[in-house]
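Commentary on secondary and tertiary structure
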Amino acid sequence: MNESVEIFNWTLSKAQIVIEVLAIMAFALSGLIEAARHKLDAVGVFVAAGLTAFGGGTLRDLLIDRRPFFWVEHYYWLWVLLLVGLAAMAFMRSHTLELTEKAMQWPDALGLGLFAASGTQLALVAEMPALVAVLMGMMSAVTGGVLRDIVVNEIPRAFSDYRPYAVCAFLGGWVVVLGEAVGLNSTVTLVTAAGVTIALRGAALLTDYRLPEWRKERENR
Amino acid sequence: MNESVEIFNWTLSKAQIVIEVLAIMAFALSGLIEAARHKLDAVGVFVAAGLTAFGGGTLRDLLIDRRPFFWVEHYYWLWVLLLVGLAAMAFMRSHTLELTEKAMQWPDALGLGLFAASGTQLALVAEMPALVAVLMGMMSAVTGGVLRDIVVNEIPRAFSDYRPYAVCAFLGGWVVVLGEAVGLNSTVTLVTAAGVTIALRGAALLTDYRLPEWRKERENR
Amino acid sequence: MNESVEIFNWTLSKAQIVIEVLAIMAFALSGLIEAARHKLDAVGVFVAAGLTAFGGGTLRDLLIDRRPFFWVEHYYWLWVLLLVGLAAMAFMRSHTLELTEKAMQWPDALGLGLFAASGTQLALVAEMPALVAVLMGMMSAVTGGVLRDIVVNEIPRAFSDYRPYAVCAFLGGWVVVLGEAVGLNSTVTLVTAAGVTIALRGAALLTDYRLPEWRKERENR
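Residues numbered from 1 in each chain as written. Chains lettered and ligands numbered in written order. Predicted model: local features only at pLDDT ≥ 70, side-chain atom pairs only at ≥ 80, totals over all residues. Heavy atoms only, no water.

Looking now at the overall build of chain A. Counting secondary structure elements, chain A contains eleven helices and zero strands. The helix and strand sequence of chain A, counted from the amino end, reads α-α-α-α-α-α-α-α-α-α-α. Across the 221 residues that make up chain A, the buried fraction comes to 55%. Once local pairs closer than 6 in sequence are excluded, the contacts in chain A between residues at least 24 apart make up 76%. (Helix = DSSP H or I, 4+ residues; strand = E, 2+ residues; numbered from the N terminus. Buried < 20%, exposed > 50% of the residue type's maximum accessible area, 1.4 Å probe, protein only. Contact = heavy atoms within 4.5 Å.)

Facing the 33 residues of chain A at the interface are 33 residues of chain B. With both sides pooled, the region where chain A packs onto chain B buries about 2900 Å², and carbon together with sulfur makes up 66% of that total. Linking chain A with chain B are one salt bridge, by the criterion used here. With a closest N to O distance of 4.0 Å, Arg67(A) and Asp65(B) form a salt bridge. Counting the contacts that link chain A with chain B gives eight residue pairs in polar contact (both at pLDDT 80 or more). For the side of chain A that touches chain B, the secondary-structure elements that each account for two or more residues are helix H2 (17-37), helix H3 (42-63), helix H4 (70-73), helix H5 (76-91), helix H6 (94-125) and helix H7 (130-151) of chain A. The class makeup of the residues in the side of chain A that touches chain B is 21 nonpolar, five polar and seven charged. (Buried area = accessible area lost by both parts, 1.4 Å probe. Salt bridge = Lys/Arg side-chain N within 4 Å of Asp/Glu carboxyl O. Polar contact = N/O pair within 3.5 Å; in protein donor to acceptor, adjacent residues only side chain to side chain. Nonpolar A, V, L, I, M, F, W, Y, C, P; charged D, E, K, R; others polar.)

On to the environment of Phe27(C). Residue and element names in this part refer to chain C. The residue Phe27 is located in helix H2 (residues 17-37) in this model. Residues Phe27 and Ala53, spaced 26 residues apart in sequence, show a C-alpha to C-alpha distance of 4.9 Å. Among residues more than four places away in sequence, those in contact with Phe27 are Thr52, Ala53, Asp108, Gly111, Leu112, Phe115, Ala141 and Tyr165.

Quick look at the relation of the copies chain B and chain C now. Mapping chain B onto chain C calls for a screw motion: a turn of 120° about the axis and a shift of 0.0 Å along it, with 0.0 Å RMSD after fitting. Taken together, these values place the two copies in the relation of a three-fold axis. By C-alpha distance to the rotation axis, the residue of chain B lying nearest is Asn153(B), at 4.0 Å. Residue by residue, only 12% of the interface of chain B is reproduced at the interface of chain C, so the copies engage with different surfaces. (Least-squares fit on C-alpha atoms with pLDDT ≥ 70 in both.)

We now examine the packing of aromatic side chains. Residue and element names in this part refer to chain A. Under the criterion given, the structure shown has 21 aromatic pairs over all chains. On the numbers, 6.2 Å between centres and 50° between planes, the contact of Tyr76 with Trp77 is tilted. For Tyr76, a relative accessible area of 42% corresponds to the partly exposed category. The class of Trp77 is buried, set by a relative accessible area of 17%. Taken together, the ring pairs connect Tyr75, Tyr76 and Trp77 into an aromatic cluster. (Phe/Tyr/Trp six-rings, centres within 6.5 Å; stacked < 30°, edge-to-face > 60°.)

Now for the packing of H3(A) against H7(A). Axes are the key here: two packed helices are described by the angle between their axes and the distance separating the axes. Residue and element names in this part refer to chain A. In the contact formed by H3 and H7, the axes pass within 7 Å of each other and the chain directions differ by 130°. Of the possible angle classes, the one that applies to H3 and H7 is oblique. The element H3 and its partner H7 pack so that their crossing is right-handed. From H3, Leu51, Thr52, Gly55, Gly56, Gly57, Leu59, Arg60 and Leu63 reach across to H7, where they touch Met136, Met139, Ser140, Thr143, Gly144, Gly145, Leu147, Arg148 and Val151. Across the contact of H3 with H7, the residue classes tally to seven nonpolar, eight polar and two charged. (Axes fitted to C-alpha atoms, helices over the stretch in contact; angles between N-to-C directions. Parallel < 35°, antiparallel > 145°, perpendicular 65-115°, else oblique. Left-handed = near helix turned anticlockwise from the far one by under 90°.)

Residues and elements named next belong to chain A. Following the criterion strictly, the structure yields 20 salt bridges over all chains and no others. The partner of Arg60 in a salt bridge is Asp61, and the shortest N-O contact between them spans 3.0 Å. For the residue pair Arg60 and Asp61, the accessibility class agrees, reading buried in each case. A salt bridge links Arg66 to Asp61; the shortest N-O distance between them is 3.1 Å. What emerges from the salt-bridge pattern is a single network uniting Glu34, Arg37 and Arg157.

So, on to the side chain of Asp61(C). Residue and element names in this part refer to chain C. In this structure, Asp61 sits in helix H3 (residues 42-63). The class for Asp61 is buried, based on a relative accessible area of 1%. At 3.0 Å, the side chain of Asp61 forms a polar contact with the side chain of Arg60. Not counting residues up to four positions away in its chain, the partners in contact with Asp61 are Arg66, Pro68, Phe69 and Phe70.

Moving on, we come to the side chain of Asp149(B). Among the structural elements, Asp149(B) can be located in helix H7 (residues 130-151). On the basis of relative accessibility, which here comes to 2%, the residue Asp149(B) falls in the buried class.

A few words on H5(A). Residue and element names in this part refer to chain A. Here H5 spans 23 Å end to end across 16 residues, near enough to the 22 Å set by a 1.5 Å rise per residue. For H5, the complete set of buried residues consists of Trp77, Leu78, Leu81, Gly85, Ala88 and Met89. What you see down the axis of H5 is that its buried residues fit within an arc of 110°, all on one side. Residues Leu83, Leu86 and Phe91 are exposed on H5 and point more than 90 degrees away from its buried face. (Expected span 1.5 Å × (residues − 1). Arc of directions from axis to C-beta.)

The structure is reproduced here in structure tokens:
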């Protein structure tokens, strides 16, 4: 537990803090944009932003029985979220929304990589088996977006757009497992794993790669 | 923990018990009506009623790691719920449904106020920071209705109808924080905070007030 | 806690293991098929299969505060799930999908009965009141399918198809309570309760029985 807290503090206390904040903000922003698209009201906007930013980590912590939650320990980020949300609602217009979505894919990829790597590491510290830890990391990276889509009543994009997203997080998680197995330094492992996920996601975005579809006959139905 | 249990028992053991029951019943009833509207079957009706009545408090308790849950400790309310549900299914007709929805807004406002106030207080007892405690209170007041709407596959009304609902709970929660900060008696604080929420919600209902909408340009899209 | 683990191990270590595996696989398969119908991608297929197979038990364990989760302790089933999912995606075609759904109802009924019985028993061991324990058992049998339907953005079938499903699990749960009350041997109780649920569900499937609908006037609306 101690070690877990330590690693976690490390995650946030060193140079990565800038990226970590970027990641949370990117996730929050994607929730905010999605809520605006569906014309949710102010409350819906904050809830969607908060769920997207903190939902994945909270589910992971519930499952590995880890407290306090990130947003309880670092509750000032909730204030930041409130202020950013208010500012966005005051200034955002529809054309801005469209612009932002594309610009957002890159910090979102950063967030994906970082959350997948740190989630996997936390689960390993909590003595989960390797596959479970990797799934926990993937979950903490992906669940936020899934909850966002459920709140606005759509099939979660992560499950249905045939773009590698969770898959990148899954592969990055295995890098953490590998790193720990060969006794690599934790920091190096974390950075490498996050880097692999980010690179894979970036490559997928740039090449517009799509996962294989269901076999043809399904189409004729 | 002890103190937490005590406060909670206090919540239910004094004069408020009548209102508390009204609140749970109002929430359960709103779940039941929503389920009937979507023609869910008997199981769906009970699940919707139960989720609406107990979902918010259960999420709050999961998050602050508090056991036993309300419906485990006071499981006889589950029996009441089953009986009320059976009676409702036997006697309810569509015109009754419409009547009831309007009549229901008032006990629902009572429930909102009480759950927001007691949820915030429980979270403060569990040593959550002020903002977190207020959000926990809001969550315990609002989540039931959100789960109800997700089960019947609609965008949660609390996020999309531009009526102040969660906002009233949020403001009422701050009254609890304020009351505790200045050392007010717990009971007085709870009643005042619940009163503020209920009054705000009541005023919103009477004046038909709506939260500001997204800026005009979104409409032209 | 010890006792709980023991009973649980018992559940999986004796002759029932074949049926238990059948049940998990049936649930996973139903998630997989539903995901294929909605053309989810590979990630969606695994998530739907995993949620359906493990969602109910995980919710139950979260609520009775029981760790480790099934899929953490027996994580090799996750590997099996991954492999089955990959095989299914490679070989499944639409007509197979339809065939499978009907064939699936029977192992699914087995799963329903077993999960309801063992969930109720675990909750009783965790000292839940009888009604709560029965609801926990029902939840662990039904929640998987509910999550599956929410992920593909449909009103959960268990709440809306007027077929007795949760109701069978509910009645089977009471058999566990009864068995424990009269001091029956745990194994006998479990098998009997599962048998009752399976028989009820089977009878409902064979007779095409439907729960009573809402009163006529609703239709005229």
